[in-house]
Amino acid sequence: MHSDCPLGAVPFRDLQCALYNGHPVLGTQKTYLWVPFYGAPNQCDLNCLAEGHDFYHSFGRVLDGTPCSQGSPGLCVAGRCLSAGCDGLLGSGAREDRCGRCGGANDSCLFVQRVFRDAGAFAGYWNVTLIPEGARHIRAAHRSRNHLALMRGDGRYVLNGNWAVSPPGTYEAAGTRVVYTRATGREETLSAAGPTSQDLLLQVLLQEPNPGIEFEFWLPQELYSPFQAQAQALGWPLWQPQPREVEPRPPEPPAAPTVILHQTPTPTSDPCPPCPDTRGRAHRLLHYCGSDFVFRARVRGRLRQAQETRYEVRVQLIYKNRSPLRALEYVWAPSRCPCPVLALHREYLLAARRLISPDGTQDRLLLPHAGYARPWSPAEDSRVRLAAQHCPV
């Protein structure tokens, strides 16, 4: 095992060539100054170039322990170039596995490999995956006009943040070097050897519908369960609300004042009856498969009229849509006492139908009575994605 020479030290091969400076060679009394020559076939011979001339001479083997070439990890021993294994022994051939263990068999870590296919409804930053501390051999790639973005745990971007596209190159982040390439044909890749010293967040800056982002990394087994919990806590995938629209999109509805009327029960009010129990897998499948839209939204306002309730919602993530949805939508419930009831400033998974009046003057999103509206959670996200796999084609 060898260590690098201190800065400013004369390389070992240079010293060996310099030993022949001023000494006659080649059967003449002429002398030369010698410097290493690296273009000869056997790199473990002491091949030295006559400085200022166009020939070199081999003075036999280099001394044992001489680097085979500039920057090479191998060392010359008895005229042969041997590389030190990860165990520090020359010629052992020991190599680190994908988990970073010397001589391992990739059995102490797990391979995470997925394709992020969510087609965002908005231009902006969407989370693709958490890259947890300890990840190795990280790679992400796609082919589109979108751009991969990488964020540190403190919210600062490593590249392609704040709506600015970074140049291709090598970036330092989380204790590793991140190589970012952008080739012709819209292909973009991001790779890092790792291991990462802190969490990173891989995002995509959407400018057009997402054709799919492939990503992979290796993670120690003991870190896999915490990674899953963190990813679910992030609401994987989770849209980062930076409002711009994917092209082409219809314009947002004209701004209207938000009317919030709080229901304040009084002894003289006519209370709403309790809503029926609509829990269960069968109910979820019925409404998911039979609806025109399934999406995640935050309730911004509520207006109760004579025979209906109108909710103003901000759409945050779309699971299913048969026509475009806008960032701000109105969802109508056909009763003054809608079931289920949506609370202000809460996030829900909603299943809605499109209702067009016979004369074509009204086009609404309808939340059916006893329909599907669940407070959003990572578990509910998983359930609704599973329901999507069981709908008839």
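Predicted, not measured: the structure shown is a model, and the values here were computed from it.

1. Observations concerning the pattern of salt bridges
Part 1 of the reasoning: This structure, assessed with the given rule, holds 14 salt bridges.
Part 2 of the reasoning: Measuring nitrogen to oxygen at the nearest pair gives 2.9 Å for the salt bridge that ties Arg 364 to Glu 308. With a gap of 56 residues between them, Arg 364 in strand β22 (residues 363-366) and Glu 308 in the loop between β18 (293-304) and β19 (309-321) connect regions that are remote in the sequence.
Part 3 of the reasoning: On the basis of relative accessible area, Glu 308 is assigned to the partly exposed category, the value being 22%.
Part 4 of the reasoning: A cluster of three or more residues bridged by salt bridges with shared partners is formed by Arg 145, Arg 186 and Glu 208.

2. Digging into the packing of aromatic side chains
Part 1 of the reasoning: For the structure on display, the rule yields eleven aromatic pairs.
Part 2 of the reasoning: With a centroid separation of 3.9 Å and 15° between ring planes, the pair formed by Tyr 20 and Phe 59 is classed as stacked. Separated by 39 residues along the polypeptide, Tyr 20 in the loop between α1 (12-18) and β1 (34-36) and Phe 59 in strand β3 (residues 56-61) bring together distant segments of the chain.
Part 3 of the reasoning: Classification of Phe 59 as buried rests on a relative accessible area of 17%.
Part 4 of the reasoning: Grouping aromatic residues by their ring pairs yields a cluster made of Tyr 20, Tyr 32, Trp 34, Phe 55 and Phe 59.
Part 5 of the reasoning: The aromatic ring of Tyr 330 is capped on one face by Arg 310, whose charged end is 4.1 Å from the ring centroid.

3. What to know about the sheet that holds strand β6 (residues 80-83)
Note on sheets: strands pair through backbone hydrogen bonds, and any given pair is parallel or antiparallel.
Part 1 of the reasoning: Read across the open sheet, the three strands follow the order β4-β5-β6; overall the sheet is antiparallel. Looking at strand neighbours, the two that pair on one side only are β4 (66-67) and β6, the edges of this open sheet.
Part 2 of the reasoning: Pairing of β4 with strand β5 (residues 74-77), which is carried by two bridges, proceeds in the antiparallel orientation. Bridge assignment links Thr 66 to a residue of β5, and that residue is Cys 76.

4. Overview of the state of the cysteines
Part 1 of the reasoning: Evaluated as defined, the whole model comprises five disulfides.
Part 2 of the reasoning: The disulfide partner of Cys 99 is Cys 109, and the S-S distance across this bridge is 1.9 Å. Around the S-S axis, the bridge from Cys 99 to Cys 109 shows a dihedral of about -70° and counts as left-handed. Taken together, the residues Cys 99 in the loop between β6 and β7 (109-116) and Cys 109 in strand β7 connect sequence positions ten residues apart.

5. Side note on the nonpolar core
Part 1 of the reasoning: Core analysis: the largest hydrophobic core is formed by 41 residues, its most contacted members being Ile 131, Leu 150, Leu 202, Phe 215, Phe 217 and Tyr 319.
Part 2 of the reasoning: Not counting residues up to four positions away in its chain, the partners in contact with Tyr 319 are Tyr 288, Val 294, Phe 295, Arg 296, Leu 349, Trp 376, Asp 381, Val 384 and Arg 385.
Part 3 of the reasoning: Grouped together as the second largest cluster of nonpolar side chains are 19 residues, Val 299, Val 313, Tyr 348 and Leu 365 included.

6. Side note on the environment of Pro 67
Part 1 of the reasoning: Structurally, Pro 67 is set in strand β4.
Part 2 of the reasoning: With a relative accessible area of 32%, Pro 67 lands in the partly exposed category.
Part 3 of the reasoning: Measuring from C-alpha to C-alpha, the distance between Pro 67 and Val 77 comes to 9.6 Å, with ten residues separating the pair along the chain.

7. What to know about helix α4 (residues 378-388)
Part 1 of the reasoning: Among the residues of α4, those classed as buried are Glu 380, Asp 381, Val 384 and Ala 387. For α4, the buried positions fall inside an angular range of 125° around the axis, keeping them on one side.

8. Things to note about the pairing of strand β10 (residues 147-152)
Part 1 of the reasoning: Here β10 lies mainly inside the structure; six of its six residues are buried.
Part 2 of the reasoning: Because side chains alternate across β10, one face comprises the buried residues His 147, Ala 149 and Met 151, and the other comprises Leu 148, Leu 150 and Arg 152, equally buried.
Part 3 of the reasoning: Of the pairings in the sheet, the one linking β10 to strand β15 (residues 200-206) comprises six bridges and is antiparallel in character. Counterpart to Leu 148 in the pairing with β15 is Val 204.
Part 4 of the reasoning: Where β10 lies against strand β11 (residues 157-159), two bridges are found, and the strand directions are antiparallel. Residue Leu 150 lies in a different strand from β11, and its bridge partner there is Leu 159.
Part 5 of the reasoning: Counting the residues that bridge the hairpin from β10 to β11 gives four residues, and of these Gly 155 lies at a positive phi of roughly 90°.

9. Concerning the sheet that holds strand β16 (residues 213-220)
Part 1 of the reasoning: Pairing within the open sheet is antiparallel, and its six strands lie in the order β7-β16-β9-β14-β13-β12. Because the sheet does not close on itself, it has two edges, and the strands there are β7 and β12 (169-173). Strand-to-strand, the axes of this sheet are offset by a mean angle of 15°, without reference to chain direction.
Part 2 of the reasoning: In terms of strand pairing, β7 meets β16 through eight bridges, oriented antiparallel. Paired with Cys 109 across the two strands is Pro 220, which belongs to β16.

10. Quick word on the environment of Val 112
Part 1 of the reasoning: Among the structural elements, Val 112 can be located in strand β7.
Part 2 of the reasoning: On the accessibility criterion, Val 112 (3% relative accessible area) is buried.
Part 3 of the reasoning: It is 7.4 Å that separates the C-alpha atoms of Val 112 and Leu 219, two residues lying 107 residues apart in sequence.
Part 4 of the reasoning: With sequence-adjacent residues up to four places away left out, Val 112 is seen in contact with Phe 215, Glu 216, Phe 217, Tyr 224 and Phe 227.

11. What about unusual backbone geometry?
Apart from glycine, the bulk of residues carry a negative phi angle, and the bulk of peptide bonds sit in the trans form.
Part 1 of the reasoning: Cis geometry is adopted by the peptide bond preceding Pro 195, which originates at Gly 194 and carries an omega value of 0°.
Part 2 of the reasoning: Among the structural elements, Pro 195 can be located in the loop between β14 (187-192) and β15.
Part 3 of the reasoning: Of the consecutive residues Cys 339 and Pro 340, the connecting peptide bond is found in the cis state with omega at 0°.
Part 4 of the reasoning: Residue position: Pro 340 is located in the loop between β20 (328-333) and β21 (347-356).
Part 5 of the reasoning: Unusually for a residue other than glycine, Trp 163 sits at a positive phi of about 65°.
Part 6 of the reasoning: Mapping Trp 163 onto the fold places it in the loop between β11 and β12.
Part 7 of the reasoning: For Trp 163, a relative accessible area of 28% gives the class partly exposed.
Part 8 of the reasoning: Of note in this structure, Ala 174 is not a glycine but carries a positive phi near 50°.
Part 9 of the reasoning: Looking at where Ala 174 falls in the secondary structure, it is placed in the loop between β12 and β13 (176-182).
Part 10 of the reasoning: Since its relative accessible area comes to 7%, Ala 174 is described here as buried.

What counts and what doesn't
- Residues numbered from 1 in each chain as written.
- Predicted model: local features only at pLDDT ≥ 70, side-chain atom pairs only at ≥ 80, totals over all residues.
- Heavy atoms only, no water.
- Salt bridge = Lys/Arg side-chain N within 4 Å of Asp/Glu carboxyl O.
- Helix = DSSP H or I, 4+ residues; strand = E, 2+ residues; numbered from the N terminus.
- Buried < 20%, exposed > 50% of the residue type's maximum accessible area, 1.4 Å probe, protein only.
- Phe/Tyr/Trp six-rings, centres within 6.5 Å; stacked < 30°, edge-to-face > 60°.
- Lys NZ or Arg CZ within 6 Å of the ring centre and 35° of its normal.
- Pairing = 2+ DSSP bridges.
- Disulfide = S-S within 2.5 Å.
- Core = buried A, V, L, I, M, F, W, Y, C linked by side-chain atoms within 4.5 Å.
- Contact = heavy atoms within 4.5 Å.
- Arc of directions from axis to C-beta.
- Axes fitted to C-alpha atoms, helices over the stretch in contact; angles between N-to-C directions.

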